Amino acid sequence: MKKMLGSIGIVLLIGGCTGNNAVIDKKIKEVNTDKILMKKYHITTNNLIKFGEYYIFYTPGPNGTDIVFLDKNFNEVKKFSTPYFLDTKKISVANNKIYVLGVNEETYFPELLILNKDGKLIKKDVFSKKYALPKDIYITKKDNYVLIDVFNNGKSFAQIYKNGKLIKKIKLNNSLNGNFVFKDGNDIFVIGTVKGNNEDAFISNVTKGWIRFFDLGMDENIDSFKIESNKIILNLHSTDEMGADSYYKIVIDKNGKILKNKCKMKFAPLPMKFRT
């Protein structure tokens, strides 16, 4: 019996080490890839989007915005330029198309360019709000939803467009900024921040008309989200009055009810003598 237990212990130890090595090897590979990409194209893996057998990324070019295609070894295969000077906010791929969301540097209007895989312009949506900021795009099989921030009389609010047409506005007494837009079932959601004495995070179901605020310290921001098992999982960053950071995992249902609120990590504030 003792020999058997000893053998099991050895096997478990080796298995654990193997798992750790795999994680370390993956991290090393990611770092090495970033070095290659930075040297060749001045980007990292965060800038790459998988598109069929290629990776693509965008970069400013002499004739507009360049879309660059790379093979699996990160060698350039082809490149084409859009005839538009866009301060690009986001590039997405879906339905065998490329979606480029940005600001036209001549008109200062947000624009969405929809291109085919060869760079031919299929459609261009112009959102005629000068100095508005494009924030996010969500794409389904048939539709695309664009979120922009609009500024008026010293305040900001959010607008949602479906296939280039305005469908919803989110306005409060205080300024708000949208960060993410997504659709689940028949409902459209927006995640962002609202400005008051502090900055609070919010999520809103703009279809059903409810909004949920999060005020856990001084400033809050939802960094990312995902939908899982009919629930919405929010990763929230909160900063208190002393500058201490906390990271929360908040789970809500589709009606905004909080099901779980767990602090994942806390960082103490910087000692006063080290602050500038």
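It should be noted that the structure appears before, not after, this text.
1. Quick word on the overall build of the protein
Alright, step 1. Along the protein, the regular secondary structure elements total 1 helix and 20 strands.
Alright, step 2. Expressed as a percentage of the 276 residues in the protein, the buried residues total 38%.
Alright, step 3. Relative to all contacts within the protein whose residues are 6 or more apart in sequence, the contacts with residues 24 or more apart total 28%.
Alright, step 4. A total accessible area of about 16500 Å² is found for the protein, and carbon and sulfur atoms account for 53% of it.

2. Focus on the packing of aromatic side chains
Alright, step 1. The tally for this structure, following the rule as stated, stands at 11 aromatic pairs.
Alright, step 2. Centroid distance F51 to F69: 6.2 Å. Interplanar angle 50 degrees. Geometry classified as tilted. With F51 in strand β1 (residues 49-51) and F69 in strand β3 (residues 64-70), this residue pair connects regions lying 18 residues apart in the sequence.
Alright, step 3. Judged by its relative accessible area of 1%, F69 falls in the buried class.
Alright, step 4. Note on F189 and W210: the rings are 6.1 Å apart at their centroids and 70 degrees apart in plane angle, and the pair reads as edge-to-face. With F189 in strand β14 (residues 187-195) and W210 in strand β16 (residues 210-214), this pair connects stretches of sequence that are 21 residues apart. W210 matches F189 in its accessibility class, with the two residues each being buried.
Alright, step 5. An aromatic cluster is present here, built from F180, F182, F189, W210 and F225 joined pairwise through their rings.
Alright, step 6. Here the basic side chain of K78 rests over the ring of F69, its NZ or CZ set 4.6 Å away from the ring centre.
Alright, step 7. The positively charged end of K171 is found above the aromatic ring belonging to F157, 4.5 Å away from the centroid.

3. Observations concerning a nonpolar patch on the surface
Alright, step 1. Taken together, the side chains of L172, I211 and F213 define a hydrophobic patch exposed on the protein surface, amounting to about 220 Å² of accessible area.
Alright, step 2. Relative to the helices and strands, L172 resides in the loop between β12 (165-170) and β13 (176-184).
Alright, step 3. The class for L172 is partly exposed, based on a relative accessible area of 34%.

4. Things to note about the sheet that holds strand β10 (residues 144-152)
Alright, step 1. Strand order in this open sheet of 4 strands is β9-β10-β11-β12, and the pairing throughout is antiparallel. One side of each edge strand has no neighbouring strand; the edge strands of this open sheet are β9 (133-139) and β12. Direction aside, the axes of adjacent strands within the sheet are offset by 25 degrees on average.
Alright, step 2. In the sheet, strand β11 (residues 155-162) pairs with β12 via 5 bridges, with the strands oriented antiparallel. Directly across from A158, in β12, lies its bridge partner I170.

5. Considerations on the pairing of β11
Alright, step 1. Most of β11 sits out of view: 6 of its 8 residues are buried.
Alright, step 2. In this structure, β10 lies alongside β11, joined through 8 bridges in antiparallel fashion. Directly across from F151, in β11, lies its bridge partner S156.
Alright, step 3. Hairpin connection from β10 to β11: 2 residues lie between these consecutive antiparallel strands, with N153 at a positive phi of about 55 degrees.

6. Looking at unusual backbone geometry
Alright, step 1. The backbone phi angle of H42 is positive, close to 60 degrees, even though this residue is not glycine.
Alright, step 2. Note on placement: H42 falls in the loop between α1 (2-41) and β1.
Alright, step 3. Look at H42 and you get exposed, because its relative accessible area is 65%.
Alright, step 4. Residue N96 is not a glycine yet carries a positive backbone phi of 60 degrees.

7. With respect to the pairing of β3
Within a regular strand, the side chains alternate between the two sheet faces.
Alright, step 1. For β3, a buried count of 7 out of 7 residues is recorded, marking the element as mostly surrounded by other parts of the structure.
Alright, step 2. Relative to β3, strand β2 (residues 54-61) is paired through 7 bridges, and the arrangement is antiparallel. Within β3, the position partnered with Y55 by the bridge is L70.
Alright, step 3. Counting the residues that bridge the hairpin from β2 to β3 gives 2 residues.
Alright, step 4. Relative to strand β4 (residues 76-82), β3 runs antiparallel, the two being bridged by 6 bridges. Considered in β4, the bridge of F69 is made with K78.
Alright, step 5. Connecting β3 to the next strand, β4, in antiparallel fashion are 5 residues, including F74 with a positive phi near 65 degrees.

What counts and how
- Along each chain, numbering runs from 1 in the same order as the chain's sequence is written.
- Local features in this predicted model are restricted to residues of pLDDT 70 or higher, and side-chain atom pairs are both shown and tallied only at a pLDDT of 80 or more, whereas totals for entire chains, interfaces and linings draw on every residue.
- Just so you know, side-chain values use all the structure's heavy atoms and leave hydrogens and water out.
- Numbering of helices and strands starts at the N terminus; helices are DSSP runs of H or I of at least 4 residues and strands are runs of E of at least 2.
- Throughout, exposure labels follow a simple rule: accessible area from a 1.4 Å probe, protein chains only, divided by the maximum for the residue type, with under 20% read as buried, over 50% as exposed, and the rest as partly exposed.
- When checking whether two residues touch, look at their non-hydrogen atoms; a contact exists if any pair is within 4.5 Å.
- Surface accessibility in these figures is a Shrake-Rupley result with a 1.4 Å probe; residues are shielded only by whichever protein chains are displayed.
- Pairing of aromatic rings covers Phe, Tyr and the six-membered ring of Trp, with a centre-to-centre limit of 6.5 Å; geometry is then stacked below 30 degrees between planes, edge-to-face above 60, and tilted otherwise.
- Consider the ring centre and the ring normal. A charge sits over the ring if Lys NZ or Arg CZ is within 6 Å of that centre and within 35 degrees of that normal.
- To count toward a patch, a residue needs a relative accessible area above 30% and no salt bridge. Like charges then connect within 9 Å, nonpolar side chains (Val, Leu, Ile, Met, Phe, Trp, Tyr) within 5 Å.
- Salt bridge criterion: a side-chain nitrogen from Lys or Arg within 4 Å of a carboxyl oxygen from Asp or Glu.
- In short, DSSP must find at least two bridges between two strands for them to pair.
- Lines are fitted to the C-alpha atoms to define the axes, a helix being fitted only along its stretch in contact, and any angle between axes, read from their N-to-C directions, falls within 0 to 180 degrees.

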